[in-house]
Amino acid sequence: MENLVQIALENVNMWAIMPSIILVCFGMGLLLINAFLPRGATRPAMWISLIGLAATAFAVFSAWGNPQYGFSDAVALDNFATFFNVTFLIAAAMTILMSDDYLRREGYPIGEYYPLILFTTAGAMWMASGTDMMTIFLGLEVMSICLYVLAGFFRGQVRSNEAGLKYFLLGAFSTGFLLYGMALIYGVTGSTRLSEIGVYLNAHSSLLNNPMTLAGIMLLSIGFLFKIGAAPFHMWTPDVYEGAPTPITAFMSAGPKAAAFAAFLRIMEYCFFSLKPEWTAVLWGLAVLTMVIGNVIAISQTNIKRMLAYSSIAHAGYALVGMVAANEIGYSGVLFYMLAYTFMNIGAFAILVLAGKKGEDNLTLEGFAGFGYKRPLLGVAFTICLFSLMGIPPTAGFAGKFYIFAGAVKAGYIWLAIIGVLNSAVSLYYYLRIMVYMYFRDGEEDYAWMKVSASVVVSIVVALIGIFYLGIVPGAVMDMARLAIF
Amino acid sequence: MYDYLWLIPIMPLIGCIINGLLGKKFIKNEKVIGVIATGAVFMSFLLSVKYFFQLLGDPVKTHEQVVMSWISVGNLQIDWGFLFDPLSALMLLVVTGVGSLIHLYSIGYMHGDPGYYRFFSYMNLFVFAMLMLVTGNNALVMFIGWEGVGLCSYLLIGFYIDKKSAGDAAKKAFVVNRIGDFGFLLGLFLVFWTLGSEHGVWTLNFVELAEHGHLLGFGGTAVTIATLCFFLGATGKSAQIPLYTWLPDAMEGPTPVSALIHAATMVTAGVYMIGRMNVLFAMSPTTMMTVAIIGALTAIFAASIGFAQNDIKRVLAYSTVSQLGYMFIAMGVGAFTAGIFHLMTHAFFKACLFLCSGSVIHAMHHALHHAHLDDDAQDMRNMGGLRKKMPITFITFAISCVAIAGVPGLSAFFSKDEILWWAFGSTRGSWYVWAIGAIAAGMTAFYMFRCLYMTFFGKQKTNAKAKDHIHESPLSMTIPLMVLGFLALVGGYIGIPAVLGGANHIHHFLEPVFGHAQEAYHIGIKETLHHSHALEYGLMAVSIGVGFFGILVATFMYMMNPDLPGKFTKAFPKFHRAVFNKWYVDEIYDALVVNPTKSFGTFCWKGFDVKVIDGIVNGLAKLIGLISAGLRHTQTGLFHNYALAMVFGMVVMVAIFVLR
Amino acid sequence: MISVYHYMTVAAILFTIGTYGVLTRRNAIVIFMSIELMLNSVNLTFIAMSRHLNNMDGQIFVFFVMTVAAAEAAVGLGLMIAFYRNRESIDVEDINLLKW
Amino acid sequence: MSNNLLSLMTFFPLVGMLVVLFLPRESDRLIKSVTLVVTIITFFISLPLAFDDVFRTSAAMQYTEFASWISIGEYFQMNYNVGVDGISLWLVLLTTFIMPIAILSTWNAIDKHSKAFMALALLLETGMLGAFISLDLFLFYIFWELMLIPMYFMIGIWGGKNRIYASVKFFLFTALGSLLMLVAIIYVYYYSVQAGVPFENGFSIAHFASLDIPANLQTWLFLAFALSFAIKVPMFPVHTWLPDAHTEAPTAGSVILAAILLKMGTYGYVRFAIPLFPEAAHTFTPFIATLCVIGIIYGAVVAMMQDDVKRLVAYSSVSHLGFVMLGVFAMNLQGLSGGMLQMINHGISTGALFLIVGFLYERRHTRLIAEFGGIAKKMPVFATIFLIMTLSSVGLPGTNGFVGEFLILLGAFESELRWYAVFATTGVILAAVYMLWMFQRVMVGKLKNPANENLKDLSAREVVVMLPLILFVFWIGIYPNTFLEKMNPSLENLIDQVKSKQQVAMMIEDVEQSAVKVAVIE
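Predicted, not measured: the structure shown is a model, and the values here were computed from it.

Parameters and conventions
- Residues numbered from 1 in each chain as written.
- Chains lettered and ligands numbered in written order.
- Predicted model: local features only at pLDDT ≥ 70, side-chain atom pairs only at ≥ 80, totals over all residues.
- Heavy atoms only, no water.
- Patch = residues over 30% accessible without salt bridge, like charges linked within 9 Å, V, L, I, M, F, W, Y side chains within 5 Å.
- Areas by Shrake-Rupley, 256 points an atom, 1.4 Å probe, with all protein chains shown as cover.
- Salt bridge = Lys/Arg side-chain N within 4 Å of Asp/Glu carboxyl O.
- Helix = DSSP H or I, 4+ residues; strand = E, 2+ residues; numbered from the N terminus.
- Contact = heavy atoms within 4.5 Å.
- Buried area = accessible area lost by both parts, 1.4 Å probe.
- Polar contact = N/O pair within 3.5 Å; in protein donor to acceptor, adjacent residues only side chain to side chain.
- Nonpolar A, V, L, I, M, F, W, Y, C, P; charged D, E, K, R; others polar.
- Buried < 20%, exposed > 50% of the residue type's maximum accessible area, 1.4 Å probe, protein only.
- Axes fitted to C-alpha atoms, helices over the stretch in contact; angles between N-to-C directions.
- Parallel < 35°, antiparallel > 145°, perpendicular 65-115°, else oblique.

(A) A look at a nonpolar patch on the surface. A cluster of nonpolar side chains, namely Val 452, Val 457, Val 461, Ile 465, Phe 468, Tyr 469, Ile 472 and Val 473 of chain A, defines an oily patch on the protein surface of about 620 Å² accessible area. As for its placement among the helices and strands, Val 461 of chain A is situated in helix α19 (residues 454-472).

(B) Expanded view of the interface of chain A and chain B. Across the boundary between the two partners, chain A contributes 36 residues, which contact 22 residues of chain B. Taken over both partners, the interface formed by chain A and chain B buries close to 2600 Å², and the fraction arising from carbon and sulfur atoms is 79%. Broken down residue by residue, the surface that chain A buries against chain B is led by Leu 214, Met 218 and Met 235 of chain A, which jointly contribute 20%. In this structure, the connection of chain A to chain B is made through 0 salt bridges. Linking chain A with chain B are 7 residue pairs in polar contact (both at pLDDT 80 or more), by the criterion used here.

(C) Just the interface of chain B and chain D, in detail. In this assembly, 51 residues from chain B lie in contact with 61 residues from chain D. Taking both partners together, chain B and chain D bury about 4900 Å²; carbon and sulfur atoms supply 72% of that area. The largest contributions to the chain B side of the interface with chain D come from Arg 178, Phe 189 and Trp 605 of chain B, which together make up 14% of the buried area. Here chain B and chain D share 2 salt bridges between them. Ionic pairing is found between Lys 377 of chain D and Asp 162 of chain B, a salt bridge with its closest N-O pair at 3.0 Å. Applying the counting rule to chain B against chain D returns 22 residue pairs in polar contact (both at pLDDT 80 or more). Elements with a contribution of two residues or more to the side of chain B that touches chain D: β1 (63-73), β2 (76-84), α5 (139-157), α6 (164-199) and α25 (585-632) of chain B. Considering each element in turn, the side of chain B that touches chain D owes the most residues, 16 residues, to α6 of chain B. Broken down by class, the residue content of the side of chain B that touches chain D amounts to 32 nonpolar, 9 polar and 10 charged.

(D) Main features of the pattern of salt bridges. Taken as a whole, this structure holds 34 salt bridges over all chains when the rule is applied. With a shortest N-O distance of 2.7 Å, Asp 100 of chain A and Arg 43 of chain A are connected by a salt bridge. With a gap of 57 residues between them, Asp 100 of chain A in helix α4 (residues 79-106) and Arg 43 of chain A in helix α3 (residues 43-62) connect regions that are remote in the sequence. Judged by relative accessible area, Arg 43 of chain A falls into the partly exposed class, the value being 35%. As a salt-bridge pair, Arg 364 of chain D and Glu 371 of chain D come within 2.7 Å of each other at their nearest N and O atoms. Since its relative accessible area comes to 29%, Glu 371 of chain D is described here as partly exposed. Three or more residues are tied together by salt bridges with common partners; here these are Arg 159, Glu 162, Lys 166, Asp 239, Glu 242 and Arg 306 of chain A.

(E) Local environment of the packing of helix α16 (residues 380-394) of chain D against helix α18 (residues 418-443) of chain D. Residues and elements named next belong to chain D. In contact at an axis separation of 9 Å, α16 and α18 are set at 170° when each is read in the N-to-C sense. As summarised for this structure, α16 and α18 are arranged roughly antiparallel, according to the angle between their axes. Judged by residue contacts, Phe 382, Ala 383, Phe 386, Leu 387, Thr 390, Ser 393 and Val 394 of α16 engage Ala 431, Ala 432, Met 435, Leu 436, Met 438, Phe 439, Val 442 and Met 443 from α18.

Keep in mind these values describe shape, not function.
Quick look at the structure:
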């Protein structure tokens with residue numbers, strides 16, 4: 001018995017979960033501290049959470065090239081996880097930076113906001129480093145539950161309530177599918193460890209045609225596809241993105257989505273590599289559907305926040321293309337794309353946060369008329385983010401798309417690549433429309449009410465640096481993405 | 001030897017640049033401008049004369065001078081090169097000689113015009129281009145001149161920029177010429193390509209073309225098509241059927257322009273070009289035949305229109321077209337020398353006629369202007385009896401009239417007669433060409449005398465108020481008249497045919513240019529006719545007779561019975577209207593070419609571009625928009641729909657995956 | 001003899017019932033209960049398979065699921081209360097502001 | 001210094017842009033002057049290229065620079081690989097030459113947001129120069145797309161009434177084509193890696209050109225490239241963005257668009273589409289030549305009926321670039337060098353015509369032909385310059401237009417495109433019709449519109465803008481060898497390369513066919 005405990009403890013290896021431990025500690029500490037802070041004093045909480053993220057960053061970076069495995073291989077802090085962890089940290093940090101003034105403006109200066117973001121990030125990290133269905137599930141739920149709260153954070157605003165509730169109900173529903181899928185796979189293979197499942201399925205090829213396996217794979221996928229926002233499981237995305245507080249929308253579209261991709265990628269590659277041709281075929285269809293639906297519906301949107309929500313669906317579609325390619329380039333393309341998307345999307349949302357006016361009633365296209373002249377620097381920043389979202393060089397968006405489509409072409413999915421670029425062409429239209437309003441039309445709004453605080457500026461500058469760094473000299477990061485995949 | 005040959009064309013260019021750049025702001029003085037311009041051309045003339053006499057005594061008759069390379073791409077090597085041989089020497093004399101006179105004339109004629117400097121600048125530019133045309137040693141340099149004269153013609157026809165009709169005429173001239181140029185270019189391409197790819201001679205140089213042209217083979221398809229293309233170019237430039245319509249309209253320009261460009265020089269460029277490429281043309285009997293027939297038809301057709309025109313310049317214009325037809329008859333039947341000879345005599349008498357008419361118009365215009373009348377200064381019905389008021393003009397006009405009518409002893413008699421003789425007797429000729437030519441000669445005599453009578457004889461029909469203000473033109477205008485009149489009188493004596501005991505100098509002079517081709521392809525008077533002087537005399541007599549008949553009819557109708565033309569008109573109203581309206585050719589062209597092109601353009605723009613292409617593009621955008629607006633409503637905001645979509649997606653995915 | 005397939009069948013039926021409930025019920029709390037039903041069918045599957053395979057993992061998983069379900073319930077009910085305060089309704093038909 | 005000449009030239013405007021961005025927004029003159037100085041310095045930086053005699057003899061790339069840029073293991077490799085040969089030489093110089101002129105033309109025309117305009121113009125210059133000197137397809141694509149953004153804003157912000165439609169149309173058309181090209185670029189790259197080209201070479205066009213891509217594959221790849229370039233050229237029937245863009249763009253934008261951006265398309269064919277996929281290019285030659293001829297005639301007849309001067313000139317571009325494409329696809333020395341020369345010619349004369357229209361527009365704020373008439377009297381200097389440019393556009397011998405058109409038509413006539421050349425030659429007639437008609441309606445006749453009474457003739461600045469263009473009109477017209485002799489070695493090399501590949505392919509085809517015949521007989 002003692003022996004067993006010792007064996008168990010030897011297998012624990014706390015380093016494998018060190019980043020999330022730090023985050024959770026900071027989060028819980030912050031919860032306590034909040035209790036003693038006067039109401040409305042959120043600034044210390046912001047700083048503490050930023051410090052927490054910085055501390056986590058150390059733990060994350062130290063794991064690069066130095067993989068840690070723990071908990072009997074239920075957790076693996078390998079390069080793959082680390083790459084995603086960096087993405088989460090950046091997303092969280094940018095979100096926190098843009099949130100403070102926003103919360104005050106909207107009348108919810110509540111300190112619990114920051115710990116929730118930290119917990120979400122921790123959950124995302126578990127997802128990225130989970131190598132057991134249990135850890136992945138746990139991470140997913142930690143992340144999701146925090147997000148439900150964050151989406152409905154403005155509890156006095158019915159739109160925020162609605163976003164939270166919708167997200168919660170549908171999220172829980174999708175969790176049901178995910179779990180059922182996991183249960184079926186467990187039933188077939190007798191294990192929840194990803195690598196064991198893969199080995200087992202590979203060894204017993206008769207199971208590859210077992211309806212239980214196949215249904216399990218699909219149900220499992222649905223759980224992740226829901227979080228990714230792939231059609232037809234995307235329907236919550238626009239509503240929740242629109243209703244949630246803008247920084248949370250930004251965060252949701254980058255961090256948790258990347259986490260879902262991370263877990264999805266790992267499960268598909270670790271467990272179901274034997275069925276690759278089959279599931280890539282399904283994902284092919286979903287990728288096309290997702291890109292088309294996202295881009296096409298975005299065209300008729302007049303609320304920029306909602307438009308970006310649809311665009312985020314489309315971007316999930318592009319990233320799925322990388323998964324369909326299912327080769328090294330495609331996978332590392334997904335990694336790179338998620339990082340690039342984090343910069344450009346959160347950068348764009350940061351400007352929406354500023355331009356939103358109290359109550360977020362200035363997010364329509366009309367509201368942006370003449371924005372480029374009234375606020376030239378912010379206008380340029382927004383423009384750059386939008387060009388990056390379009391995928392125009394030399395921005396991160398282009399590099400990311402190139403990476404992913406290169407993977408698809410290499411894998412022989414020429415038509416998928418063509419559909420992808422055609423979708424890009426469609427997407428140009430609605431992104432351009434924002435610029436048309438910003439620069440080519442004169443508006444009545446004078447934006448005198450706009451308060452630009454240093455922290456938001458930092459967040460925007462980080463976004464721009466990221467966009468150009470990943471766009472002009474993406475080599476280093478692309479190479480990291482290459483090294484990050486299994 | 002001929003080191004300064006390049007100076008001949010350059011002199012007028014310098015004049016053009018000086019007047020063009022400095023004329024308005026710095027020189028201003030009309031006299032100085034006129035002298036610069038005239039002087040420039042006159043210098044060229046002097047140099048041409050010098051070189052001409054040098055050439056006369058030179059055993060080598062062909063001289064080339066290459067200034068520098070122009071276009072050099074692979075096997076296409078084009079130089080800025082000049083060619084001086086008897087043909088270009090003669091043309092140089094005509095162009096610079098007549099050109100200087102007309103410049104001199106213009107000093108007086110254009111007096112007081114606000115665009116004085118512009119006029120002389122354009123005129124000099126024209127002379128430059130014309131000289132490039134005649135001295136170029138390859139087809140491309142010639143083409144520079146070819147298009148250059150077209151441009152100057154455009155500028156000068158449209159010189160009175162206030163007049164819309166002038167602008168229209170200018171544009172028409174340019175565009176119609178461009179149609180000809182299209183042919184010229186194709187001809188160039190075909191010759192260059194055929195000679196090059198099949199015989200390895202990549203050249204556009206005239207000397208080399210003359211030397212190697214035979215490689216194309218007598219009567220070959222390529223050479224026939226190429227020469228027909230060239231001839232299309234010639235019909236444009238030289239106003240032959242079917243592209244003659246621009247020339248009568250071109251009379252909108254100032255009269256010296258008409259004299260220089262549309263009588264003496266530019267319009268003869270087509271004739272010159274055929275002369276220059278005589279080797280190629282000689283190799284294609286088909287083309288030669290076409291040239292002769294087109295020339296004959298033009299000669300008679302234009303003459304017929306000349307019957308009913310009342311505008312003095314238009315009469316002369318149609319006469320020019322008709323005379324050019326003569327020259328093409330000559331070229332077509334292989335009488336190259338005769339063609340060039342007629343070109344020269346025509347330059348004298350037609351320039352003289354135009355300048356006389358200019359003198360008349362000038363006087364009329366001043367008189368009418370003085371009397372504040374709006375009557376048409378060019379309408380012969382407003383003239384009459386001017387011989388007393390403008391004696392010098394009258395005499396020179398009359399001399400030229402007699403000359404053009406083919407009265408023996410005057411210049412045109414010799415040239416025209418030689419053409420008719422060749423038309424009948426050449427190996428490439430035939431009796432019907434001769435017959436048409438002879439009839440046209442009679443018609444020419446008729447309408448020219450009609451013109452003479454209406455203008456200078458009879459009652460003075462000018463409005464009484466203006467009558468007394470008509471004066472003879474100043475000396476600067478009458479001197480050129482007199483010189484040209486003199487030339488029209490005696491110009492023919494360099495080409496008195498052997499049958500009349502002449503030496504036919506011009507024939508011998510041009511021998512080096514044309515002799516080779518004529519010999520090689522058996523072009524000449526038929527063997528059977530070689531010694532039948534009687535026939536030659538007989539034909540001569542017929543043509544003289546026809547000419548006199550024309551004069552008599554004109555005298556009868558317009559001198560003796562001035563009422564007769566009116567009656568005649570009434571008797572055949574339709575016929576008269578058709579002739580008066582130039583056989584409705586312009587209208588036919590409008591209906592067949594111009595309007596369809598315009599409607600096609602409108603269709604392409606409003607129909608195809610806007611409706612079809614942009615319709616598809618915008619329609620696609622709209623379609624996507626509609627799809628978007630439709631799909632948007634799938635997003636109902638209702639939980640149940642979303643959950644259902646998920647379940648539906650799940651069922652489909654699982655079904656596909658499991659049942660695949 | 002009740003084999004693992006019977007358990008599986010029951011679980012599948014429960015899952016379907018839960019799904020059906022989610023799709024048809026209008027009260028958010030009932031929907032949430034249906035979701036709980038789905039989760040419990042998963043639990044049943046896990047337990048059955050765990051027993052069948054003689055493997056503990058499934059049972060551990062069930063504990064996780066139950067814990068998470070409890071947390072979800074807490075958050076979910078909180079959200080519903082917040083929504084109810086604003087709209088005085090818990091009917092999902094009333095969650096309809098955000099659309100198109 | 002000379003080692004990095006191209007980089008210096010390309011990125012100097014970018015540096016200038018950063019400088020301009022830090023100038024105060026209100027000091028309009030200062031901003032414009034700085035921009036002008038930057039473009040002039042760029043021109044001088046590029047000038048040594050013009051005097052380098054190496055281009056006379058060598059077909060190889062000169063001034064090459066090479067640096068590894070993005071290197072992702074064996075996934076892919078992009079290099080900063082630039083150089084100039086006879087093909088790109090004059091286009092580079094045209095760019096640096098036109099830019100100061102375009103900037104100078106904005107002196108009074110751009111009165112709002114001049115800082116933004118100047119910054120965009122400089123960014124655009126970097127994009128254009130970069131695209132011309134790129135020897136790596138990926139690098140080329142980056143610059144190619146980079147050009148889009150400034151032009152989009154130029155049309156959209158400083159454009160006319162219908163500017164939004166025009167700018168979005170411009171962007172969508174061009175981007176759509178180039179996105180498909182992107183897929184093709186990636187595909188060629190992986191094909192080359194598969195075919196054994198070391199991946200370190202990246203997207204090097206020299207290596208791509210040495211591949212033997214199977215014919216059916218070439219077809220698709222060529223189509224992707226061709227579509228992208230055809231939109232940019234623009235060729236019939238994807239030309240409709242051009243009239244809109246030109247009509248709405250500000251003068252400087254139109255000048256740059258016409259003079260340089262359109263050349264990207266034709267240059268793309270010469271540099272990429274044809275050498276990379278010679279057999280497909282050969283297969284499609286009749287098709288493309290047909291489109292060229294349609295474009296020539298179509299552009300001309302549509303231009304004829306326009307009532308807006310600028311739109312007319314825009315359609316004339318469709319016609320002119322049809323000529324260029326015809327010359328390029330003739331694939332012999334005359335045609336190709338004519339095409340290249342005509343690119344420069346079109347840049348000069350059409351650029352100048354847009355400037356001229358701009359002068360009119362600045363004075364009268366209208367471009368409708370019907371509003372003018374008879375203004376030659378009021379503006380004699382303007383009339384002269386306008387006439388020269390009109391004639392250059394018409395292709396009058398002695399001006400630049402003639403040499404280019406002549407070489408193109410001769411080249412086409414010598415190639416298998418003989419009949420196309422015959423039909424294309426009718427474009428020469430139509431050019432005279434629409435240009436002269438326009439000139440006549442605008443400049444001559446009676447001055448009827450009282451609004452034109454007070455028109456001022458060109459100012460000294462405006463004349464200075466036009467003089468260099470006039471100089472080149474005649475220079476190229478009279479001594480084109482300056483330009484031809486430096487492009488010919490490269491073009492000859494290109495033709496050899498393409499022709500030999502085409503011949504090999506045809507021989508293989510023949511052998512296969514005869515093999516089939518033999519098989520059938522046996």
